[in-house]
Amino acid sequence: MNNSSIFSQRGQWLRTVGRMKIGAIFPKRIVSYKYNAEKGLLHVDFRSGTNQDYCSVSDDVYQQLENAQDKNEYYSRHIFGKYQIM
């Protein structure tokens, strides 16, 4: 992807600005997420208006979240409670 690109993947929008990847999804709990690969930082925004920043998230985990059919299920099983929160 180039420095600033937008595309749709299975009806979900992803935007890349520099090294920050921004995904917007519309499931029950997660509203959007951002991933900084350089820092291994995953920022997740929730429908409730709250958000969480997770440290040391690998590119593989981010890609699996990106490819998951159910983002909330993947988040619940593979991210929540498994990474340090900033």
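Note: the structure precedes this text.
Treat the numbers as computed from the prediction; the structure is a model and nothing was measured.

Engineer: Got a minute to help me understand unusual backbone geometry in this structure?
Structural biologist: With glycine set apart, most residues show a phi of negative sign, and most peptide bonds adopt trans. In the Ramachandran plot, serine 56 falls in the positive-phi region, its phi being about 60° despite a non-glycine side chain. Of note, serine 56 is situated in the loop between β6 (51-54) and α1 (59-67). For serine 56, a relative accessible area of 62% corresponds to the exposed category.

Engineer: In this structure, what is going on with the nonpolar core? I would like to understand it.
Structural biologist: Grouped burial of nonpolar side chains is what soluble globular proteins tend to show. If you look at the biggest cluster of nonpolar residues, it comprises 16 residues, and the most contacted ones within it are Leu42, Val44, Tyr54, Val57, Tyr75 and Ile79. Every element with two or more residues in this core is listed here: β4 (30-36), β5 (41-46), α1 and α2 (71-78).

Engineer: Please clarify how the packing of aromatic side chains should be interpreted in this entry.
Structural biologist: Aromatic rings considered in pairs are described by the distance between their centres and by the relative angle of their planes. Scanning the entire structure with this criterion turns up 5 aromatic pairs. Each ring, one from tyrosine 33 and one from tyrosine 62, has its centre 6.1 Å from the other, and the planes form 65°; the classification is edge-to-face. Taken together, the positions of tyrosine 33 in strand β4 and tyrosine 62 in helix α1 put the pair 29 residues apart, joining distant regions of the chain. For tyrosine 62, a relative accessible area of 1% translates into the label buried.

Engineer: What exactly am I supposed to notice about the pairing of β4 here?
Structural biologist: Side chains on a regular strand alternate between the two faces of the sheet. Burial analysis of β4 places 5 of its 7 residues in the buried class, the great majority of the element. Pairing of β4 with β5 involves 6 bridges; the strand directions are antiparallel. The residue of β5 that forms the bridge with lysine 34 is histidine 43. Linkage of β4 to β5, two consecutive antiparallel strands, is achieved through a turn of 4 residues, within which glycine 40 is found at a positive phi near 65°.

Engineer: Mind showing me how you'd approach α2 here?
Structural biologist: In an α-helix, one turn spans 3.6 residues, which is why side chains three or four residues apart end up on the same side. Within the span of α2, buried status applies to Lys71, Asn72, Tyr74 and Tyr75. Seen from one end, α2 has its buried residues packed into an arc of 165°, which puts them on one side.

Engineer: Explanation requested: the pairing of β5 in the structure shown.
Structural biologist: With respect to burial, β5 is a largely interior element, 5 of its 6 residues being buried. Alignment of β5 against β6, held across 4 bridges, turns out to be antiparallel. Bridge pairing in β6 places histidine 43 opposite aspartate 53. Connecting β5 to the antiparallel partner β6 that follows it, the hairpin turn spans 4 residues, and glycine 49 within it adopts a positive phi of roughly 100°.

Engineer: What is the right way to look at the environment of tyrosine 75 in this model?
Structural biologist: By the element assignment, tyrosine 75 lies in helix α2. In contact with tyrosine 75, other than residues within four places in its own chain, are Arg29, Ile30, Val44, Phe46, Tyr54 and Phe80.

What counts and what doesn't
- Residues numbered from 1 in each chain as written.
- Predicted model: local features only at pLDDT ≥ 70, side-chain atom pairs only at ≥ 80, totals over all residues.
- Heavy atoms only, no water.
- Helix = DSSP H or I, 4+ residues; strand = E, 2+ residues; numbered from the N terminus.
- Buried < 20%, exposed > 50% of the residue type's maximum accessible area, 1.4 Å probe, protein only.
- Core = buried A, V, L, I, M, F, W, Y, C linked by side-chain atoms within 4.5 Å.
- Phe/Tyr/Trp six-rings, centres within 6.5 Å; stacked < 30°, edge-to-face > 60°.
- Pairing = 2+ DSSP bridges.
- Arc of directions from axis to C-beta.
- Contact = heavy atoms within 4.5 Å.

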